[in-house]
Amino acid sequence: FSGGGIRFLTKESLPKNEQLVIELHFSGWQEKDDNWVRTGNADDVGNLNAIGEVMWCSEKNQSTGTFEVGLRFTGRLR
């Protein structure tokens, strides 16, 4: 996970350039007035709905059918 994108595992192959909406949850953070504030309290969970584009997808483990995906953030839903 970085400011530009995220890498994750999935059970299905995703085509390059596929557009996805993903929901990210950040424990110990909250969004206030369009800014992210670290609260340090694990009960505080900030939610971010991000739009991304699949940059690559490769089979990680053929025997389990696991794929590794690189997603570039392209926007966000409010």
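Each remark here, short or long, concerns the structure printed above.
Fair warning: this is a prediction, and the values are worked out from it, not measured in the lab.

Q: Help me understand the overall build of the chain in this model?
A: Within the chain, the secondary structure is distributed over 0 helices and 6 strands. If you list the helices and strands of the chain from N to C, you get β-β-β-β-β-β. Taken over C-alpha atoms, the radius of gyration comes to 15 Å for the chain, far larger than the 12 Å a tight globule of 78 residues would show. When its C-alpha atoms are laid out on the principal axes, the chain stretches across 40 × 25 × 15 Å. For the chain, with 78 residues in total, the buried portion stands at 29%.

Q: I tried to follow the pattern of salt bridges on my own but got confused; where do I start?
A: Two side chains carrying opposite charge are able to pair once their charged atoms lie near each other. What the rule picks out here adds up to 3 salt bridges. Of the charged contacts, one joins Glu 31 and Arg 76 as a salt bridge, the two residues approaching to 2.5 Å between their closest N and O atoms. On the criterion of sequence distance, the pair formed by Glu 31 in strand β3 (residues 29-32) and Arg 76 in strand β6 (residues 66-77) is long-range, its members being 45 residues apart. When the shortest N-O distance is used, the salt bridge between Arg 72 and Glu 53 registers 2.6 Å. Linking Arg 72 in strand β6 with Glu 53 in strand β5 (residues 45-61), this pair joins segments that are 19 residues apart in sequence. Glu 53 gets classed as buried once you look at its relative accessible area, which sits at 13%.

Q: Can you help me understand the pairing of β3 in this one?
A: Taken residue by residue, a regular strand's side chains alternate between the two faces of the sheet. The pairing of β3 with strand β4 (residues 35-38) spans 4 bridges and is antiparallel. Bridge pairing in β4 places Trp 29 opposite Arg 38. Taking the residues that link successive antiparallel strands as the turn, the β3-β4 hairpin has 2 residues, and the phi of Asp 33 there is positive, at about 50 degrees.

Q: Can you help me understand the environment of Gly 4 in this one?
A: Structurally, Gly 4 can be placed in the segment before β1 (5-10). Looking at Gly 4, the relative accessible area reads 43%, which means it is partly exposed. For the pair formed by Gly 4 and Thr 74, sequence separation is 70 residues and the distance between their alpha carbons is 8.4 Å. When sequence neighbours within four positions are dropped, the list of residues in contact with Gly 4 reads Leu 71, Arg 72 and Phe 73.

Conventions used here
- Residues numbered from 1 in each chain as written.
- Predicted model: local features only at pLDDT ≥ 70, side-chain atom pairs only at ≥ 80, totals over all residues.
- Heavy atoms only, no water.
- Helix = DSSP H or I, 4+ residues; strand = E, 2+ residues; numbered from the N terminus.
- Rg over C-alpha atoms; globule rule 2.2 N^0.38 Å.
- Buried < 20%, exposed > 50% of the residue type's maximum accessible area, 1.4 Å probe, protein only.
- Salt bridge = Lys/Arg side-chain N within 4 Å of Asp/Glu carboxyl O.
- Pairing = 2+ DSSP bridges.
- Contact = heavy atoms within 4.5 Å.

Such coordinate-based values are descriptive only and should not be taken to indicate function.
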